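Summary of the model geometry
Residue-level listing of the chains:
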Amino acid sequence: MTVSVQRGTSLKRGGRPPRRRGTVLATHRWILTPWLFLLPGLTVIVLMVMVPFANTLGLAFTDSTLLRQGQFVGWENFQRMFDDERFTIALLNSTLYTVCVVPCMVVLPLILATLVSGAGRLSGFFRTTMYLPVIMSPVVVGLIWTNMLDKRGLVNALFSTLHMVAEPVPFLSDRWLLLFSAMFVTVWTGLGYYMVIYLAALANIDQSLYDAAAMDGAGVVRTFLNVTVPGVRSTMSLIAVLSSVAAFRVFGEIYVLTGGTGGVGGGDLTMTMLIQREGTGLQARTGYAGAISLFMFVILGALLLVQLVMQRKRRSS
């Protein structure tokens with residue numbers, strides 16, 4: 001038995017021809033090509049996220065300021081943080097903000113999405129109208145509502161015309177009224193964004209379920225509770241996660257409504273505003289601001305973990 005070998009080729013042991021160099025280069029190119037596409041995004045993530053996070057992690061354990069490098073002080077910043085009254089106020093305000101805003105962000109956009117889910121021109125008009133605040137700048141939104149909620153603003157003028165109040169309501173000077181006014185602005189701004197997410201989820205619900213509910217004589221409320229809500233339950237969990245992080249990190253609404261002061265005596269400070277105060281300016285204590293940022297990161301991570309565990313339990317049940 002003879003074996004013919006072409007000119008320019010040789011056989012390895014076992015009778016297999018050697019792998020061509022072009023094949024090896026093509027394999028390497030196939031492996032490297034996806035990473036080349038990912039390289040710009042990965043570069044941005046590393047430079048804009050990972051490096052600042054590592055720098056904040058290091059600053060949290062030092063007494064550095066804006067003009068001084070600082071030295072390692074261990075857990076001193078965290079001890080000072082829990083003894084700081086402003087930190088307690090900021091943590092309380094951010095927690096209350098999350099507790100009040102998240103349920104509204106989960107329920108109200110779903111109701112709006114259900115109402116405007118039709119294909120008519122009027123539904124399209126309302127969808128566009130509700131989405132307009134989303135594309136507006138937070139500063140512009142804050143300035144609009146600052147003028148409306150002022151003692152001589154539109155809201156107080158309307159209350160006075162209807163003889164609902166004897167004196168102007170201090171929306172922007174009372175601690176709790178200002179905080180709840182900022183919550184209202186946050187909900188008003190985010191309704192359109194989460195409504196669009198719900199509209200995409202509603203489109204995936206089988207229409208036959210609504211037909212079966214109608215044949216059973218179910219009304220609007222019963223159909224909403226028994227068909228719509230179960231159909232978008234996973235979307236509700238997603239929106240709860242997104243709105244929780246956004247609410248706990250609120251900054252723009254409080255900053256604009258209070259004019260950057262954090263309310264009378266700093267009573268409406270939030271976590272992000274406290275970090276901004278401590279981490280900027282000539283008297284900035286960047287180490288202390290880094291400790292607050294690290295604590296906020298842990299709180300948000302724990303919040304996301306709890307919600308993910310609850311979501312898995314719901315799916316398993």
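Residues numbered from 1 in each chain as written. Predicted model: local features only at pLDDT ≥ 70, side-chain atom pairs only at ≥ 80, totals over all residues. Heavy atoms only, no water.

Remarks on the overall build of the protein chain
Helix and strand content of the protein chain: 13 helices and zero strands. Tracing the protein chain from N to C terminus, the helices and strands come up as α-α-α-α-α-α-α-α-α-α-α-α-α. Here the protein chain, with 317 residues, has 33% of them falling under the buried criterion. Relative to all contacts within the protein chain whose residues are 6 or more apart in sequence, the contacts with residues 24 or more apart total 66%. (Helix = DSSP H or I, 4+ residues; strand = E, 2+ residues; numbered from the N terminus. Buried < 20%, exposed > 50% of the residue type's maximum accessible area, 1.4 Å probe, protein only. Contact = heavy atoms within 4.5 Å.)

Overview of unusual backbone geometry
Non-glycine residue His163 carries a positive phi angle of around 60°. Structurally, His163 is set in the loop between α6 (154-161) and α7 (175-202).

A look at the nonpolar core
Core analysis: the largest hydrophobic core is formed by 58 residues, its most contacted members being Tyr97, Tyr198, Val232, Met271 and Ile292. Considering every element that reaches this core, the biggest residue donor is α7, with twelve residues. Sequence-distant contacts of Val232, defined by excluding residues within four places in its chain, comprise Leu110, Tyr198, Ala201, Leu202 and Ile205. (Core = buried A, V, L, I, M, F, W, Y, C linked by side-chain atoms within 4.5 Å.)

Notes on the packing of helix α10 (residues 233-248) against helix α13 (residues 286-316)
Axis separation between α10 and α13 bottoms out at 11 Å; the angle between their running directions is 170°. Comparing the axis directions of α10 and α13 gives the class roughly antiparallel. Residue-level contacts link Ser234, Ser237, Ala240, Val241, Ser244, Val245 and Phe248 of α10 to Met296, Ile299, Leu300, Leu303, Leu304, Gln307, Gln311 and Arg314 of α13. For the contact of α10 with α13, a count of residues per class yields nine nonpolar, five polar and one charged. (Axes fitted to C-alpha atoms, helices over the stretch in contact; angles between N-to-C directions. Parallel < 35°, antiparallel > 145°, perpendicular 65-115°, else oblique. Nonpolar A, V, L, I, M, F, W, Y, C, P; charged D, E, K, R; others polar.)

Structural notes on the packing of helix α3 (residues 85-115) against helix α9 (residues 220-231)
Put simply, α3 and α9 touch, their axes get as near as 12 Å, and they point 100° apart. Classified by the interaxial angle, the pair formed by α3 and α9 is roughly perpendicular. Contacts between α3 and α9 involve Leu110, Ile111 and Thr114 on the former and, on the latter, Phe224, Thr228 and Val229. Looking at the contact of α3 with α9 residue by residue, the class counts come to four nonpolar, two polar and no charged.

Notes on helix α2 (residues 76-83)
A turn of α-helix holds 3.6 residues, and therefore any two residues three or four places apart point the same way. Restricting attention to buried positions, one finds in α2 the residues Asn77, Phe78 and Met81. Here the buried residues of α2 occupy an arc of 95° about the axis, which is enough to place them on one side. Pointing more than 90 degrees away from the buried face of α2 are the exposed residues Gln79 and Asp83. (Arc of directions from axis to C-beta.)

Some points on a nonpolar patch on the surface
A contiguous nonpolar patch, built from Ile31, Trp35, Leu38, Leu42, Val44, Ile45, Val46, Leu47, Met48, Val49, Met50 and Val51 and spanning about 1200 Å² of accessible area, is present on the exposed surface. You can see Val44 is positioned in helix α1 (residues 21-59). (Patch = residues over 30% accessible without salt bridge, like charges linked within 9 Å, V, L, I, M, F, W, Y side chains within 5 Å. Areas by Shrake-Rupley, 256 points an atom, 1.4 Å probe, with all protein chains shown as cover. Salt bridge = Lys/Arg side-chain N within 4 Å of Asp/Glu carboxyl O.)

Notes on the packing of aromatic side chains
The description of two aromatic rings rests on the distance between their centres and on the angle between their planes. Evaluated as defined, the whole model comprises 13 aromatic pairs. Centre to centre, the rings of Tyr193 and Tyr194 are 5.1 Å apart; their planes meet at 75°, and the pair counts as edge-to-face. Of the residues examined, Tyr193 reaches a relative accessible area of 40% and is grouped as partly exposed. For Tyr194, a relative accessible area of 7% puts it in the buried group. Plain terms: the ring middles of Phe251 and Tyr255 are 5.1 Å apart, the flat faces sit at 25° to each other, and that makes the pair stacked. Overall, Tyr255 belongs to the partly exposed group, its relative accessible area being 33%. Among the aromatic residues, ring-to-ring pairing joins Phe61, Trp75 and Phe78 into one connected group. Here Arg80 stacks its cationic end above the ring of Tyr288, 5.8 Å away from the centre of that ring. (Phe/Tyr/Trp six-rings, centres within 6.5 Å; stacked < 30°, edge-to-face > 60°. Lys NZ or Arg CZ within 6 Å of the ring centre and 35° of its normal.)

What about the confidence of the model for the protein chain?
Overall, the predicted model of the protein chain reaches an average pLDDT of 85, with 90% of residues at or above 70. Within the protein chain, α1 has the poorest average pLDDT of any element, 81, and α3 the best, 94. Confidence drops under a pLDDT of 50 for residues 1-12, and excluding neighbours within four residues, the segment shows seven contacts in the predicted structure. (pLDDT = per-residue confidence, 0-100.)

Some points on the state of the cysteines
Under the criterion given, the structure shown has zero disulfides. You can see Cys100 has no disulfide; the closest cysteine sulfur is in Cys104, sitting 7.6 Å from it. Residue Cys104 is classed as partly exposed on the basis of its relative accessible area of 29%. (Disulfide = S-S within 2.5 Å.)

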